[in-house]
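Structural overview for review
Now for the letters of each chain:
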Amino acid sequence: MNQKMYLFSLDYGNRQGEKVFVKEVLDRFDSQTLIGCGVLINNNPYNLELFLFLNFEKDDSDFDHWLSIHHPNKSRTFNVLMDELTEAAFSRKGYSITTFCDSEMVEIVFSSEANELFLFPDRKQMYEIWGAPIMQKQKIFLSHSSRDKDIVDKYFSELQKSQIKAWYDKEEIVPGDSITSRINEGLNKCDLGVLFMSNNFLSKHSGWTEAESNFFISNRMKKNKSLIVVNLGVKHEDIPPLLQDYLYIDGNKGSAINELIVATKKQLDRM
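One structure accompanies this document, and this report is about it. None of these values were measured; they are calculated from a predicted model. (Residues numbered from 1 in each chain as written. Predicted model: local features only at pLDDT ≥ 70, side-chain atom pairs only at ≥ 80, totals over all residues. Heavy atoms only, no water.)

1. Quick word on helix 8 (residues 179-189)
Buried residues of helix 8: Arg-182, Ile-183, Gly-186 and Leu-187, and no others. Down the axis of helix 8, the buried side of the element spans an arc of 135°, and every buried residue falls inside it. With respect to the buried face of helix 8, the exposed residues turned more than 90 degrees away are Asn-188 and Lys-189. On its buried face, helix 8 sits against strand 5 (139-143), strand 6 (165-167), helix 7 (169-172) and helix 10 (207-218). (Buried < 20%, exposed > 50% of the residue type's maximum accessible area, 1.4 Å probe, protein only. Helix = DSSP H or I, 4+ residues; strand = E, 2+ residues; numbered from the N terminus. Arc of directions from axis to C-beta. Contact = heavy atoms within 4.5 Å.)

As structure tokens, then:
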């Protein structure tokens, strides 16, 4: 048999949300195609893990296509082998393993409460017992050209001194990361974009800056995102039309950094 194995790392604490994906897989693919489906659970409180394994006998390309359309954010777990996981499940304390015949079984297993498989309640119930963690302050996203790093470094430093969290690629992306994935994560997490508008920013070679500014413009209304422009020497008529209406901070003024700090706090308070 030419079986194809897929492995996904799911969120142990958000299994009410994760069960939607698992149930959809079971409902979409019949037992002639999907010949194995189950979860392996690590209940070690210092390393809670939840793995979903899928075994296809045929039509795995159909699953790849379905996954890309319906769950594009679900990423497979690579270089973790089922043999290693099953060995751990049968030889170590705290591991649980079960398989599913249909989506109804998922509803029973993925309960919010602790059960014989999940030794700890889900995150929501744990928060009700112990209290939710202190809310993280909102982050702002610093969109800039790499050629303006020296300027943005100064702004980032002063924002930190003022206790304003900022997503700055220099600090958030490390060697080995997918640049695209990390920037997407940053954009989704941040409510406010700070666009350091310069001739470098507007250069046709700066594809990232155009995409980032478009993200905050297009999501300004529907997702409660906002933006602030710091103008680093661009003539008003050269600013993109959709941004010309925004009152910007003149980056050439000595007070520009303080103006940004004040404006950022006010914008975040409105959200």
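2. Concerning the environment of Gln-163
Among the structural elements, Gln-163 can be located in the loop between helix 6 (149-161) and strand 6. Once the C-alpha coordinates of Gln-163 and Ile-261 are considered, the two residues, 98 residues apart in sequence, prove to be 9.7 Å apart.

3. Details of the state of the cysteines
By definition, a disulfide is the covalent link that joins the sulfur atoms of two cysteine residues. According to the stated counting rule, one finds zero disulfides in the structure shown. Here Cys-101 stays free of any disulfide, with the sulfur of Cys-37 as its closest cysteine sulfur at 9.7 Å. (Disulfide = S-S within 2.5 Å.)

4. Digging into the environment of Ile-183
Here Ile-183 lies in helix 8. Dropping the residues within four chain positions of it, Ile-183 is found in contact with Phe-141, Trp-167, Ile-173, Trp-208 and Glu-212.

5. Some thoughts on the pairing of strand 5
In terms of burial, strand 5 is a largely internal element, five of the five residues being buried. The alternating pattern of strand 5 places Lys-139, Phe-141 and Ser-143 on one face and Ile-140 and Leu-142 on the opposite face, and all of these are buried. By the bridge criterion, three bridges tie strand 5 to strand 6 in an arrangement that is parallel. The partner of Ile-140 across the bridge, within strand 6, is Ala-166. Since strand 5 and strand 6 lie parallel, the crossover through helix 6 that links them has a hand, and here it is right-handed. Here strand 5 runs beside strand 7 (residues 192-197); their pairing, made up of four bridges, is parallel. (Pairing = 2+ DSSP bridges. Right-handed = clockwise from strand over helix to strand, strands pointing away.)

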